[in-house]
Structure formats: structure tokens, C-alpha cells
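# Analysis of the macromolecular model
Below, each chain spelled out in residue letters.
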Amino acid sequence: MNERGFPGGVTAVEIEAKSVLNRVRGMPFEWSINPYRGCAHRCVFCYARRTHWFLDEDGLDRWGDRIYVKTNAPRVLRHELARAKGRGVSVCVGTATDPYQPLEGTYRITRGIFAELSRARTPAHLITRSPLVVRDTDVLSELAARASFTVGISLPTLDAELSRRIEPTVAPPAKRLFAVQSLAAKGIRVGVAVAPILPGLTDDAKTIARVLRAARDCGASFAWHNVLNLGEITRDAYFNFLNEEYPNLVALYDTLYRGKYAPKEYAGAIAKRFAQQRKSYPLEDRPKIEPRRGGVQLSLI
């Protein structure tokens, strides 16, 4: 393994992956791809922090400091796709790390992955918090012309100050909205993930409405949400954040999060609130790139 230092105290650990495709169960997609392990965004609510455990790393304090970079990911993916049979299987890129975190500006691994997905005409979805995605509009447009493709930009709030606290190194909301607008203008189907919704911080109707209205005005075609989950490691990180920044909310979270998930009653109330705001600010599919006919869409089985 080779290690390289980057600004902000980030160490990139360059590794070679044996496999890139990860089988997923119980989700709208069958496979996931994560070009990196660890994430420099350091979001206080990140559910993927526990994955550092599997590498004997500290997911609490070093989650954003030590990032594993799968330098050979595009090449491995090409071989995996070449062995695939069938059609119609979908891939989600960015389920346990942001594929467009700052290191992508140097390594360009995510760009290579989307080039391979395009080559194989594989339906895909991308989830990111970073406007760096706009850099790869050419590759993403080509993928969208060859297979079904969507981009989800995570945007839990438009409050820049709150955003800085919960997503310390992520670009401000305004820049993420610019990414939505830029991708939509190119005909790429893009939407927003109002996620996670944080009790007492981003769960009020006004906050949700502001995000949905801005997303609509920027050309978003869809929006979805989820409520905060507090699993292992993430729970410690999030309560550390609350104690430092919002001690008045600790009692609320102690009540709501006796386990990993918020009570069904709370989650249901948020789902109803989100649906109501969706009706006030409806999102409609804009003209988008239509996949070209011909060729074969490869399965990943």
C-alpha cells in the first residue's frame, strides 16, 4: 500500500481492489460501487462510519482522515462487467462513501467507473453531496444516452451555517443547487435527497419546503427523504456533535433514539410532512437524454 498526504490532514491509502461490485439486498438496485472507503466530508450523521471497523480503523475520529483509494477500480469493473450476462440490472454508485469527495479531483476514479458503466450500457444511479460531479457531465451524458441513469444530490437543508456544522467539509447548499441546475440543463435526470432529516434541526415543514422549492426551481425531477439512523459508531459521533453544538436537543434524541431507528410514529409523521410539501412544490421530469436504442444492457450476475 502506498500512502499520500493531502491538505486538511487527509491521508490517501492507495490499494488495489479484487472486486468492485457489491451485491445489495432489499434496495431498488442490485449492486453498489464505492470507489473509496472512508469519506473526507466528515458528516456527523454518516451511517457508514462503522465500515472503518472492518479495517481496524477508527470510524469515530479518523473517518475523514484516512481514506482508502481503490486505484484499479475502473479496470476491475471492466472485467466484472465483461463477465456479466442478462440485462436490466442496476448499479448505485456512492452508498457508503461520497464518490465525488475531494480526492476524486486527483484520482478521477469515479469518472473512470462511469466510463466503464457507459461502455457496458449498465443502468446506474449516483448519490453525492459534491458539485464536483459537474466536472464529469460529458461522461455522465454519454451514460444517460446509453442506459437509464439518474443523479441524486444530497441536500438536507439550505441553511449554510447549519450545513457547515453537520457536513463540515461539504460544499455549501448553493453550490449543490448549482450542480442540480447544471446537470438538469444538460438533460441528465437529477433530483435531491433531503437526507437525513434530523429531529429538531431539519424536520420542520419550512425547512423541507425551502429545499423542495429550490430544487424545483433548479430543474430537479425528483426528491426523496429518509430519517436519521443512529447505528454503531454513528451514534457516538452524533451525540458528541449534539453535546458540543446543541446540548438542548440531547434529551429529545435520548427519547427518540433508544435504538438505531426513530420510532415508527415519528418516521410516519415526517413522511406525511414531506408528502404534503411535495404537493405544494411538485417536481416534474424535465426533457432528458433518452437512452439510444441498440446494443445490450449487461447484467452483473
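## Digging into the pairing of strand E2 (residues 10-15)
By the criterion of burial, E2 is predominantly enclosed, with five of the six residues buried. Here five bridges tie strand E1 (residues 2-6) to E2, and the two strands are oriented antiparallel to one another. What sits directly across from Phe 6, in E2, is Val 10. Counted along the chain from E1 to the antiparallel partner E2, the turn is three residues long, and its residue Gly 8 has a positive phi close to 85 degrees. As defined by bridge partners, E2 adjoins strand E6 (residues 66-70) across five bridges and the pair is classed as parallel. Note that in E6 the partner of Val 13 across the bridge is Tyr 68.

## Some remarks on the nonpolar core
One finds Phe 114, Leu 117, Phe 149, Tyr 238 and Tyr 253 to be the most contacted residues of the largest nonpolar core, which totals 87 residues. With near-sequence residues (within four places) excluded, Phe 114 lies in contact with Val 93, Tyr 100, Leu 126, Val 139, Leu 140, Leu 143 and Phe 149. Membership of the second largest hydrophobic core comes to six residues, among which are Val 24, Phe 29, Cys 92 and Ile 127.

## A short note on helix H4 (residues 137-146)
Within H4, eight of the ten residues are buried, which leaves the element mostly enclosed by the surrounding structure. Listing the buried residues of H4 in full gives Thr 137, Val 139, Leu 140, Ser 141, Leu 143, Ala 144, Ala 145 and Arg 146. Buried residues belonging to H4 abut helix H3 (109-119), strand E8 (124-128), strand E9 (149-154) and helix H6 (173-185).

## Some remarks on the packing of helix H1 (residues 73-82) against H3
Where H1 contacts H3, the two axes come as close as 8 Å, and the packing angle between them is 20 degrees. As summarised for this structure, H1 and H3 are arranged roughly parallel, according to the angle between their axes. In this structure, H1 crosses over H3, and the sense of that crossing is right-handed. Facing Ala 73, Pro 74, Leu 77, Arg 78 and Leu 81 of H1, the residues of H3 in contact are Ile 109, Gly 112, Ile 113, Glu 116, Leu 117 and Arg 119. Residue composition of the contact of H1 with H3, grouped by class: seven nonpolar, one polar and three charged.

## Regarding H6
An ideal rise of 1.5 Å per residue puts 18 Å on 13 residues; H6 measures up with 18 Å between its terminal C-alpha atoms. Considered for burial, the residues of H6 that qualify are Pro 173, Arg 176, Leu 177, Ala 179, Val 180, Ser 182, Leu 183 and Ala 184. Residues of H6 that are buried in the fold lie against H4, E9, helix H5 (160-166), strand E10 (189-197) and helix H7 (205-217). One or two residues past the end of H6 sits Gly 187, with phi positive at roughly 85 degrees.

Conventions and cut-offs
Residues numbered from 1 in each chain as written. Predicted model: local features only at pLDDT ≥ 70, side-chain atom pairs only at ≥ 80, totals over all residues. Heavy atoms only, no water. Buried < 20%, exposed > 50% of the residue type's maximum accessible area, 1.4 Å probe, protein only. Helix = DSSP H or I, 4+ residues; strand = E, 2+ residues; numbered from the N terminus. Pairing = 2+ DSSP bridges. Core = buried A, V, L, I, M, F, W, Y, C linked by side-chain atoms within 4.5 Å. Contact = heavy atoms within 4.5 Å. Axes fitted to C-alpha atoms, helices over the stretch in contact; angles between N-to-C directions. Parallel < 35°, antiparallel > 145°, perpendicular 65-115°, else oblique. Left-handed = near helix turned anticlockwise from the far one by under 90°. Nonpolar A, V, L, I, M, F, W, Y, C, P; charged D, E, K, R; others polar. Expected span 1.5 Å × (residues − 1).

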